[in-house]
Amino acid sequence: MKCEEFWKHYEEFGITKENETHLLDCAKCRKEFEAEKVLLKAVGGFPEYKAPETLWDRISEELTETKTVTVAKRPFTETIAAYVDELFSWFQVVPLKPVFGALVIMLVSVLATQYYYTRPLTSVEKIAQENKLARDLEETEQEYLAAIDKLSKLTEDKKSFRLIVLSVSAK
Ligand SMILES: [Zn+2]
């Protein structure tokens, strides 16, 4: 009996006098047989589990199901509405889809900036702002005074120049 025949015989009839001799003669099959015996013993200890009747139906349904994707053009407002819907559904998913995540971050930062510039000032900020206004006013005042100074000096120069001209022409 060849190895192949032994296994065929064994599958059909189990161990018989006929195939037992092959097992005694063939070390290779003996080894495999011992391994199988161990395996069967181990598997035999598992509790039996019966799959629900509908399992295969469900699996085969999913395997054959073809998913159709519609890419028909939608009105713009509908598209926007769909995006908003999707956006809100993605809020439950971590991490956010990068593009929408970026949009949300942008929106939040815009709102935060807007809030920063329109919020009521704290007392420290109010004092700082008043100080700055006072400084600006002082600077402007000084520039104004300097301008007046310059103007009056020019006028003086002009006057004295005229006096010189007059005194010269009088001679
Ligand atoms: Zn063999």
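Structure: see above.
Residues numbered from 1 in each chain as written. Predicted model: local features only at pLDDT ≥ 70, side-chain atom pairs only at ≥ 80, totals over all residues.

(A) Quick peek at the overall build of the protein. Counting its regular elements, the protein contains seven helices and zero strands. Ordering the α and β elements of the protein from the N terminus gives α-α-α-α-α-α-α. A burial count over the protein gives 2% of its 171 residues as buried. (Helix = DSSP H or I, 4+ residues; strand = E, 2+ residues; numbered from the N terminus. Buried ≥ 20, exposed ≤ 12 C-beta atoms within 10 Å, placed from the backbone.)

(B) Up close: helix α3 (residues 27–44). For α3, built from 18 residues, the straight-helix expectation of 26 Å at 1.5 Å per residue is met to within 8% by its first-to-last C-alpha distance of 25 Å. Across the 18 residues of α3, one count as buried, placing the element largely on the outside. (Expected span 1.5 Å × (residues − 1).)

(C) Structural context of the packing of helix α1 (residues 3–13) against helix α2 (residues 17–25). Between α1 and α2, whose axes approach to 10 Å, the crossing angle comes to 135°. On the basis of the axis angle, α1 is oblique to α2. Seen from above, α1 lies across α2 with left-handed handedness. Contacts between α1 and α2 involve F6, H9 and Y10 from the former and E18, N19 and H22 from the latter. Counted by class, the contact of α1 with α2 contains two nonpolar, three polar and one charged residues. (Axes fitted to C-alpha atoms, helices over the stretch in contact; angles between N-to-C directions. Parallel < 35°, antiparallel > 145°, perpendicular 65-115°, else oblique. Left-handed = near helix turned anticlockwise from the far one by under 90°. Contact = placed C-beta atoms within 7 Å. Nonpolar A, V, L, I, M, F, W, Y, C, P; charged D, E, K, R; others polar.)

(D) Focus on α1. Of all eleven residues in α1, one are buried, a share of ten percent or less. Among the residues trailing α1, G14 stands out with phi positive, at a value near 75°.

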